[in-house]
Each structure stands twice: as structure tokens, then as C-alpha cells.
Amino acid sequence: KDYPHPDGLDYVRRKWKEALRDPQNCKLIPNNNNDVDIAKENERILRKAVGKGRYVIREMEGTIQLKKYRTMRRRYGEGVDVTGEARRINDSLNDLIK
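Below, the structure is looked at part by part. Keep in mind that what you see is a predicted model, and the values were worked out from it rather than measured.

1. Details of the nonpolar core
Across soluble globular proteins, you tend to see nonpolar side chains buried next to one another. Leu 9, Val 12, Ile 57, Met 60 and Ile 64 together form the largest nonpolar core, which totals 5 residues. Of all the elements, helix α2 (residues 36-76) adds the most residues to this core, at 3 residues.

2. Some thoughts on the pattern of salt bridges
Counted by the stated rule, this structure contains 6 salt bridges. Of the charged contacts in the structure, one is a salt bridge between Arg 13 and Asp 10, with a shortest N-O distance of 3.4 Å. Taken as a pair, Arg 13 and Asp 10 lie in helix α1 (residues 9-21) at a separation of 3 residues, close to a single helical turn. The salt bridge involving Arg 13 is made with Glu 61; its shortest N-O contact spans 3.4 Å. You can see Arg 13 sitting in helix α1 and its partner Glu 61 sitting in helix α2, a full 48 residues away along the chain. For Arg 13, a relative accessible area of 34% gives the class partly exposed. If you follow the salt bridges from partner to partner, you end up with Asp 10, Arg 13 and Glu 61 in one network.

Conventions adopted
Residues numbered from 1 in each chain as written. Predicted model: local features only at pLDDT ≥ 70, side-chain atom pairs only at ≥ 80, totals over all residues. Heavy atoms only, no water. Core = buried A, V, L, I, M, F, W, Y, C linked by side-chain atoms within 4.5 Å. Buried < 20%, exposed > 50% of the residue type's maximum accessible area, 1.4 Å probe, protein only. Helix = DSSP H or I, 4+ residues; strand = E, 2+ residues; numbered from the N terminus. Salt bridge = Lys/Arg side-chain N within 4 Å of Asp/Glu carboxyl O.

Okay, structure coming up:
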């Protein structure tokens, strides 16, 4: 399970697109006269918002991968500590003998 939602990261992408299309979140300049400068500025605003969305998705993917890594590391450890394992077995045997 990658993202704590049944649809995963697709849910986040869909929500980000909805937020991007909302005029309150992405304020474009009205262009009634088909002015080229205004169109370029609107394109810049949209590209910036899309770039921010891609950044957020990448960060979420990285966070999810880090969480998976930490879980696996916690579950299986960094490797076998032979000295510590031998000491633990020796202590257990000594407790049984007493």
C-alpha cells in the first residue's frame, strides 16, 4: 500500500488537477483582447503551478519510499550482528544452566 488512500497517488494527482482548475487557487489574468503578453504570463503561471504539483508528487513518492525502507530496516535489521547474537545465545544458555 503506497499512499494511505485506496486510490493511491492517482487520488492525489486527481485532487491536484481539481485544485489547479479552481480559479481561486490558480489566478490567471483575464485576456479578453487576446493579448500575447497576457497569454504568455498565464502560461507561465500555469507551468509554475504544474511544476509545483510535480514536485509535490515526487516528494510524496520519496516519503513513501523512505517509510517503506525504514519499515523493512526495522523489521529485518541492518544485517546479522554475529558478536551480539553469540552473546545473546551465551547469556540464554547461562540462564538455563543456573
